[in-house]
Amino acid sequence: MRTSYANAFVGNLLGHAPRWYKATFILFLLVNPILVITAGTFAAGWALIGEFIFTLAMALKCYPLSPGGMLALEAVVLGMTSPDAVYNEALANFEVLLLLIFMVAGIYFMKDLLQFTFTRILVTIRSKLLISQLFCIAGALLSAFLDALTVTAVIIAVAYGFYNVYHRYVSGKGYQDEHDLCDDGQCRSFDRDDLMRFRGFLRNLMMHGAVGTALGGVCTLVGEPQNLLIGAEMGWHFGTFFVKVAPISMPVLATGLATCALVERFSLCRYGVKLPEVIRIHMQEASRTAEKRMDHADRVKLAMQACCAVWLVVGLAFHLAAVGIIGLSVIVILTTVNGITEEHRLGRAFEEALPFTALLVVFFAVVAVIHDQHLFKPVIDYVLHMKGSSQMAAYYAASGLLSAISDNVFVATVYITETKMHFTQMLHAVPGIGMTGQALMDMLTDSHLDRADVLAGLPAEAAGKVREIMDNFDKLAIAINTGTNIPSVATPNGQAAFLFLLTSALAPVIRLSYGRMVILALPYTITMSLAGLAAVWYMQDIVRFFCG
């Protein structure tokens with residue numbers, strides 16, 4: 001009897017996950033308390049990071065929310081962090097949570113327009129290299145002014161729609177039939193080869209688009225959440241931010257686009273998969289058939305979705321409201337004008353976003369452990385005591401590495417806060433400033449004050465030293481921003497948009513695992529990180545070359 005109950009418990013634990021996965025998960029839960037007792041919470045904290053990354057890497061075996069959530073819960077119980085710390089991390093990222101809940105759902109109600117538009121592009125442009133460049137550039141351009149998660153939600157909706165149309169066709173299913181897109185059992189054997197290539201084709205496009213969001217996101221104040229954070233700490237406006245980051249962001253952008261072309265041209269790292277002609281023809285025919293079947297109501301719905309797309313772009317570009325609130329407005333408008341009023345139809349829109357939203361809060365619990373246990377402090381202390389170009393390069397590399405294994409927003413927060421505190425102390429040590437270092441720093445980083453005017457009010461000797469200190473602070477802030485944006489493309493957990501893609505409903509459909517994402521990101525990681533590092537090292541020379 002006991003054996004049968006034990007077998008039942010093991011069978012229920014983590015559902016259909018493999019037995020080796022369940023055993024590994026139990027081992028993690030048993031090892032962590034032992035580590036806390038024997039090695040301390042610092043070592044246990046680093047072990048927790050490794051364990052959480054493991055759950056992300058195995059996302060196709062078991063969705064990370066359950067095992068990752070249990071590990072985070074255990075960390076709270078073991079005293080590695082507190083419920084209040086987890087709450088504060090979630091509260092600090094409340095705007096991101098709102099975005100996920102409402103913006104992703106808003107994109108769901110625009111999927112007909114997205115599929116209609118992108119299907120035309122896909123069947124019209126035959127060059128895979130050109131389509132790849134288009135996805136990468138579109139991702140970069142949109143992310144520079146909108147939001148990387150919103151852009152990722154759009155390309156996910158597009159790819160899911162493409163795959164859904166063809167998979168239903170080869171499985172003999174109608175659009176209204178219940179159907180599992182992960183199951184190829186009902187497909188004919190000769191169709192499965194085309195499906196495999198189609199999945200490879202979509203994986204390529206998804207990664208080009210996702211990397212594009214990182215390329216564009218680093219360039220502007222509104223491109224990524226950490227950009228806003230760093231800009232606020234430094235007192236930089238939109239134009240100031242763009243100009244200061246441009247010596248690094250522009251070479252990296254050019255490098256990223258060149259990498260996109262090279263990996264497609266030479267079929268490197270699993271790129272270069274072309275769309276099978278039979279699928280292109282079917283999609284073309286399906287598009288024509290769908291257009292012929294459209295009645296006046298369908299065309300009005302598309303027109304309303306197009307109007308909402310304009311509102312979405314304008315609202316996000318000019319930041320008329322928080323991203324999540326704009327997403328909610330899209331839901332309200334489209335459900336009203338297109339007659340979607342049944343609760344079960346509304347509910348489907350939120351199925352994609354809510355599991356990831358919950359996972360992100362679990363991720364914030366791990367970030368709270370990193371913060372409370374000061375896991376990154378040794379690295380920060382080391383780079384703070386370096387000098388010159390080597391310090392900038394070290395800042396870039398260290399913030400990039402830490403972002404790849406944790407969260408780039410958190411890393412940026414810790415780095416800019418600690419660095420600003422260090423430079424405030426340096427200002428305080430300057431003789432003759434006539435105020436405290438903190439008061440002077442507040443004035444120098446006030447977006448409403450001109451730094452030159454503040455410096456003009458200081459004695460000449462003190463002003464020279466203060467200017468030198470602040471110029472160095474500016475360079476390190478740029479290194480932090482680019483470091484948390486560029487090398488973090490190495491892993492899915494380094495970028496929220498990548499993590500969203502990995503844990504989306506699309507990932508199992510096109511067989512996009514953690515390992516595959518790392519391999520597909522590898523050429524971008526190498527070329528963009530090295531280009532960024534070189535630009536950071538020679539930033540003074542680049543500025544001098546362009547500014548004279």
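You'll find the structure just up there.
Counting starts from 1 at the beginning of each chain's written sequence and moves along it residue by residue. The predicted origin of the model limits local features to residues at a pLDDT of at least 70 and limits the giving and counting of side-chain atom pairs to 80 or more, whereas totals for whole chains, interfaces and linings rest on all residues. Based on all heavy atoms of the structure, the side-chain values leave hydrogens and waters out of the count.

Enquirer: Break down the overall build of the protein for me, with residues and values.
Expert: Secondary structure elements are taken from DSSP: a helix is a run of H or I of four residues or more, a strand is a run of E of two residues or more, and numbering for both begins at the N terminus. A count of helices and strands for the protein gives 27 helices and 0 strands. In this treatment the radius of gyration is a C-alpha quantity, and the globule benchmark scales as 2.2 Å times the residue count to the 0.38 power. Taken over the C-alpha trace, the protein has a radius of gyration of 25 Å; the compact-globule value for 548 residues is 24 Å, and the two agree within 12%. Based on the C-alpha atoms only, the size of the protein along its principal axes is roughly 80 × 65 × 50 Å. Classification of residues uses two cut-offs on accessible area relative to the type maximum, computed with a 1.4 Å probe and protein chains only: under 20% is buried, over 50% is exposed, and between them is partly exposed. Among the 548 residues that make up the protein, the fraction classed as buried is 51%. Every residue pair with non-hydrogen atoms within 4.5 Å of one another is taken to be in contact. When contacts within the protein are restricted to residue pairs at least 6 apart in sequence, long-range pairs at least 24 apart make up 76% of them. When the accessible area of the protein is evaluated, it comes to approximately 24,300 Å², of which 65% is carbon and sulfur surface. Charged residues are defined narrowly, with Lys and Arg counted positive, Asp and Glu counted negative, and His plus the chain ends left uncounted. By convention, charge coordinates are those of NZ in Lys, CZ in Arg, CG in Asp, or CD in Glu. Each charge class in the protein can be summarised by its mean position, and for the 37 positive and 40 negative side chains these summaries are 10 Å apart. Computed with the Shrake-Rupley method and a 1.4 Å probe, the accessible areas treat only the protein chains shown as cover for residues.

Enquirer: Lay out the packing of helix 6 (residues 94-108) against helix 17 (residues 353-372) with the relevant residues and their values.
Expert: Each packed pair of helices is defined by two parameters, the angle between the axes and the distance between the axes. Interaxial distance between helix 6 and helix 17 falls to 9 Å at its minimum, and their mutual angle equals 170°. For the element pair helix 6 / helix 17, the angle class is roughly antiparallel. The residues of helix 17 that touch helix 6, namely those facing Val96, Leu97, Leu100, Ile101 and Val104, are Ala353, Leu354, Phe356, Thr357, Leu360, Val361 and Phe364. The residue makeup of the contact of helix 6 with helix 17, split by class, is 11 nonpolar, 1 polar and no charged. Note on method: axes are straight lines fitted to C-alpha atoms, helices fitted across the in-contact stretch only, with angles between N-to-C directions ranging 0 to 180 degrees. Working rule for angles: under 35 degrees goes down as roughly parallel, over 145 as roughly antiparallel, 65 to 115 as roughly perpendicular, anything else as oblique. All residues other than Ala, Val, Leu, Ile, Met, Phe, Trp, Tyr, Cys, Pro, Asp, Glu, Lys and Arg, Gly among them, are scored as polar; the first ten of these are nonpolar and the last four charged.

Enquirer: Now, about the pattern of salt bridges: what can you tell me, with residues and values included?
Expert: In the sections that follow, a salt bridge refers to a side-chain nitrogen of Lys or Arg positioned within 4 Å of a carboxyl oxygen of Asp or Glu. If you walk through the whole model with that rule in mind, you get 10 salt bridges. Glutamate 264 serves as the salt-bridge partner of lysine 128, at 3.0 Å between the closest nitrogen and oxygen. Residue lysine 128 is located in helix 8 (residues 128-145), and its partner glutamate 264 is located in helix 12 (residues 238-265); the two are separated by 136 residues in the primary sequence. With relative accessibility at 7%, the residue lysine 128 sits in the buried group. With a relative accessible area of 6%, glutamate 264 lands in the buried category. Residue arginine 197 is joined to aspartate 194 by a salt bridge in which the shortest nitrogen-to-oxygen separation is 2.5 Å. Separated by 3 residues within a single helix, arginine 197 and aspartate 194 lie in helix 10 (residues 189-217), roughly one turn from each other. Judged by relative accessible area, which is 10%, aspartate 194 ranks as buried. One continuous salt-bridge network, built from bridges that share partners, spans Arg126, Glu277 and Arg280.

Enquirer: I'd like a description of the packing of helix 12 against helix 23 (residues 460-485), backed by residues and values.
Expert: Where helix 12 contacts helix 23, the two axes come as close as 10 Å, and the packing angle between them is 70°. Classified by the interaxial angle, the pair formed by helix 12 and helix 23 is roughly perpendicular. Read as a crossing pair, helix 12 and helix 23 show a hand that is right-handed. Only Asp474, Ile478, Asn481 and Thr482 of helix 23 make contact with helix 12, whose side of the interface consists of Phe241, Lys244, Val245 and Ile248. When its residues are assigned to classes, the contact of helix 12 with helix 23 shows 4 nonpolar, 2 polar and 2 charged. Crossing handedness is defined as follows: a turn of the near helix away from the far one that is anticlockwise and smaller than a right angle gives a left-handed crossing, while the clockwise case is right-handed.

Enquirer: Please provide a residue-by-residue account of helix 18 (residues 377-384), values included.
Expert: Within the span of helix 18, buried status applies to Ile380, Val383 and Leu384. Buried residues of helix 18, viewed axially, fall in a sector of 105°; they line one side. Summarising the contacts, the buried residues of helix 18 are in contact with helix 19 (388-405) and helix 20 (408-428). The directions from the helix axis to the C-beta atoms form the arc being described.

Enquirer: Provide a residue-level description of unusual backbone geometry, including the pertinent values.
Expert: Notably, leucine 14 is not glycine yet its phi reads approximately 60°, a positive angle. Within the secondary structure layout, leucine 14 lies in the loop between helix 1 (2-12) and helix 2 (19-38). Accessibility expressed as a relative area gives 18% for leucine 14, which makes it buried. In this structure, arginine 270 takes a positive phi of about 70° despite not being glycine. With respect to the helices and strands, the residue arginine 270 is situated in the loop between helix 12 and helix 13 (277-293).

Enquirer: Please give an account of the environment of glutamine 186 that cites residues and values.
Expert: Mapped onto the secondary structure, glutamine 186 falls in the loop between helix 9 (148-171) and helix 10. Along the chain, glutamine 186 and lysine 173 lie 13 residues apart, while their C-alpha atoms are 9.5 Å from each other.

Enquirer: Quick one: what's the story with a nonpolar patch on the surface, residue by residue and with numbers?
Expert: Nonpolar side chains (Val, Leu, Ile, Met, Phe, Trp, Tyr) are joined into patches within 5 Å and like charges within 9 Å, using only residues with over 30% relative accessible area and no salt bridge. On the surface, Val310, Val314, Phe318 and Leu320 cluster together to form a nonpolar patch covering roughly 400 Å² of accessible area. With respect to the helices, strands and loops of the structure, phenylalanine 318 is situated in the loop between helix 14 (296-317) and helix 15 (323-337). With a relative accessible area of 61%, phenylalanine 318 lands in the exposed category.

Enquirer: I'd love a proper account of the nonpolar core, names of residues and values included.
Expert: For our purposes a nonpolar core is just a set of buried Ala, Val, Leu, Ile, Met, Phe, Trp, Tyr and Cys residues, chained together by side-chain atoms within 4.5 Å. Membership of the largest hydrophobic core comes to 150 residues, with the highest contact counts inside it found for Phe198, Met206, Tyr415, Val466 and Leu501. Leave out the neighbours within four places in its chain, and leucine 501 touches Thr152, Ile156, Met206, Met207, Ala210, Leu506, Ala507, Leu512 and Met517. Among the nonpolar cores identified, the runner-up in size contains 15 residues, and Leu13, Val36, Leu48 and Leu71 belong to it.

Enquirer: How would you summarise the side chain of aspartate 194 if you had to cite specific residues and measurements?
Expert: A polar contact is formed between the side chain of aspartate 194 and the side chain of arginine 197, at a distance of 2.5 Å. Look past the residues within four positions of aspartate 194 in its chain and what remains in contact with it is Tyr166, Pro276, Val278 and Ile279. The definition of a polar contact used here is a pair of N or O atoms within 3.5 Å, where within protein one atom must be able to donate a hydrogen and the other to accept one, and adjacent residues in sequence count solely through side-chain atom pairs.

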